[in-house]
Amino acid sequence: RSAGIIGAPFSKGQSRGGVESGPDRIRAAGLLDRLQQLGCAVKDYGNLAFEDIVLDEPVRGSKSVRAVGRANQRLSEAVQAVKKDGHTAVMLGGDHSLAIGSIHGHTAAVGPLSVVWVDAHADVNTPLTSYTGNLHGQPMSYLLYELQSKVPVLPNFSWMKPCLSSQDLVYIGLRDVDPAEHYILKLLGVKVFCMSQVDQLGVARVMEETCDYLWNRAKKPIHLSYDIDAIDPFITPATGTPVVGGLTYREGLYITEHLCQTGLLSAVDLVEVNPLRGRTEDDVHSTVSTAVDLLLGCFGRLREGNHLPDYSLP
Ligand code: ARG
Ligand code: MN
Ligand code: MN
Ligand code: MN
């Protein structure tokens, strides 16, 4: 197992500054060392440099469309390079609009995917349904084949095409879904485990059913797109759009452990960590260290303990 880490310090999919420092804060919390201690080989591809776009007027109410389009084109290329080098790709955001390039690049490199989207939000608004005009609330609408006719042609998006079927997607943790998004999820029959279902079934059953559902078609490489706001803001307050009533730390971690042990996890996004949104340094620390723990869970860290295969007693 090896991890290829891409920092994506990008914040223009939403309006709050600070989320661009997520990658460096997550690295500074010791992610690379701790992955290596698990016996995981790590290659850090560094942070992407995103070009400044001077004239980026709103398009049909959506903001910074050209910047988001160009940044995701760069990210897609970077993810393809990491997959061609044979690593599990780890994309550190940045805001969730980056899932466009991450999922696009991942499929371009390995073919059809299963996507597990862990989030308080569905992020499936189209530019025409969004109340906020923020692209981080829209990435899934650009990726789904079934919504192609509902998404207008946008500047700097001509490099990409939809690449995901709504049958290959599972949401976990939803609790703040806009009416148009809810309509879309029902119309397409998307598999959703909202927080009520997590309450009802428990996270173990949710994960079993998630894998059964996805594997009913075929066992494909899994893309995990983890928005830190899926976790309860009591634990991860340093994020741009916190919503009460989220996953516990243990539920959040269990999702990563379960997906890791499938052996199919092929790329992970960890997005929306915003160090400037914490009120105290403790808020930021708790958010960042939870993000690191979720990533370690994706690479085989077990709460029962771990030891390297060549370990012997002194
Ligand atoms: N549904 C809202 C919107 O469209 C909130 C989206 C929040 N997304 C996120 N990635 N945190 O703007
Ligand atoms: Mn969210
Ligand atoms: Mn999100
Ligand atoms: Mn124990």
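The structure we're discussing is the one just above.
Residues numbered from 1 in each chain as written. Chains lettered and ligands numbered in written order. Predicted model: local features only at pLDDT ≥ 70, side-chain atom pairs only at ≥ 80, totals over all residues. Heavy atoms only, no water.

Participant: Would you mind going over helix H9 (residues 249-261) in detail, with residue names and values included?
Facilitator: The terminal C-alpha atoms of H9 lie 19 Å apart, and with 13 residues this matches the ideal 18 Å at 1.5 Å per residue to within 8%. Listing the buried residues of H9 in full gives Glu251, Gly252, Leu253, Ile255, Thr256, Glu257, His258, Leu259 and Cys260. Following H9 by one or two positions, Gly263 adopts a phi angle in the positive range, close to 75°. (Helix = DSSP H or I, 4+ residues; strand = E, 2+ residues; numbered from the N terminus. Expected span 1.5 Å × (residues − 1). Buried < 20%, exposed > 50% of the residue type's maximum accessible area, 1.4 Å probe, protein only.)

Participant: Please give an account of the site of ligand 1 that cites residues and values.
Facilitator: Close contacts around ligand 1 come from 13 residues, with Asp123, Asn125, Thr132, Asp178 and Thr241 the closest. In this structure, an oxygen atom belonging to ligand 1 sits 2.7 Å away from a side-chain N or O atom of Thr132. Contact distances for ligand 1 include 3.2 Å between a nitrogen atom and a side-chain N or O atom of Glu272. Protein contacts shield 94% of the accessible area of ligand 1, which totals 350 Å² for the unbound molecule. Within the shell around ligand 1, the residues separate by chemical class into no nonpolar, seven polar and six charged. (Near = heavy atom within 4 Å. Polar contact = N/O pair within 3.5 Å; in protein donor to acceptor, adjacent residues only side chain to side chain. Areas by Shrake-Rupley, 256 points an atom, 1.4 Å probe, with all protein chains shown as cover. Nonpolar A, V, L, I, M, F, W, Y, C, P; charged D, E, K, R; others polar.)

Participant: I'd like a description of the coordination of the manganese ion (ligand 3), backed by residues and values.
Facilitator: Coordination of the manganese ion (ligand 3) by the protein involves His96 (ND1), Asp119 (OD), Asp123 (OD) and Asp227 (OD), with metal-donor separations of 2.0 to 2.2 Å. The distance between the manganese ion (ligand 3) and the manganese ion (ligand 2) comes to 3.2 Å, and Asp119 binds to both of them. With Asp119 in the loop between strand S4 (114-118) and helix H5 (139-143) and Asp227 in strand S7 (residues 222-227), the pair connects residues that are 108 residues apart, well separated along the chain. (Donors = N, O, S within 2.8 Å, 3.2 Å for Na, K, Ca; no water.)

Participant: An account of the sheet that holds strand S5 (residues 169-174) is needed here, citing residue identities and associated values.
Facilitator: In space, the eight strands of this open sheet follow the order S2-S1-S3-S8-S7-S4-S5-S6, with parallel pairing throughout. Of all the strands in the sheet, just strand S2 (41-47) and strand S6 (191-194) have a single pairing partner and so form its edges. Mean inter-strand twist for the sheet, computed between neighbouring axes without regard to direction, equals 15°. Two strands pair when backbone bridges link them, and S5 and S6 are joined in this way by four bridges, in the parallel orientation. In the strand pairing of S6, Val170 is matched with Lys191. Sheet contacts for helix H8 (residues 203-215): S4, S5 and S6; angle to S5, the most-contacted strand, approximately 160°. (Pairing = 2+ DSSP bridges. Axes fitted to C-alpha atoms, helices over the stretch in contact; angles between N-to-C directions. Contact = heavy atoms within 4.5 Å.)

Participant: Describe the pattern of salt bridges, naming the residues involved and giving the relevant values.
Facilitator: The full count for this structure, using the stated rule, is 13 salt bridges. Arg27 is the partner of Asp24 in a salt bridge, and the nearest nitrogen-oxygen pair spans 3.2 Å. On the criterion of helical spacing, the pair formed by Asp24 and Arg27 is a turn pair, its members being three residues apart in helix H1 (residues 22-28). The class of Arg27 is buried, set by a relative accessible area of 17%. Here Arg279 ties to Asp283 by a salt bridge, and the two come within 3.9 Å at their closest N and O atoms. (Salt bridge = Lys/Arg side-chain N within 4 Å of Asp/Glu carboxyl O.)

Participant: Break down the environment of Gly173 for me, citing the residues and quoting the values.
Facilitator: Turning to its location among the elements, Gly173 is positioned in strand S5. Classification of Gly173 as buried rests on a relative accessible area of 0%.

Participant: Can you tell me about the nonpolar core, naming the residues and giving the values?
Facilitator: Core analysis: the biggest nonpolar cluster contains 48 residues, and Ile26, Ile172 and Tyr226 have the highest contact counts within it. The element that contributes the greatest number of residues to this core is helix H10 (residues 281-298), accounting for eight residues. Core analysis: the next-biggest nonpolar cluster, separate from the first, contains 45 residues, Ala71, Trp117, Ala122 and Leu147 among them. (Core = buried A, V, L, I, M, F, W, Y, C linked by side-chain atoms within 4.5 Å.)

Participant: Please set out the environment of Gly133 residue by residue, giving values where relevant.
Facilitator: Position of Gly133 among the secondary structure elements: in the loop between S4 and H5. Its relative accessible area of 3% is what places Gly133 among the buried residues. Sequence separation between Gly133 and Pro58 is 75 residues, and the spatial gap between their C-alpha atoms is 8.3 Å. Setting aside chain neighbours within four positions, we find Gly133 in contact with Gly61, Ser62, Lys63 and Gln138.

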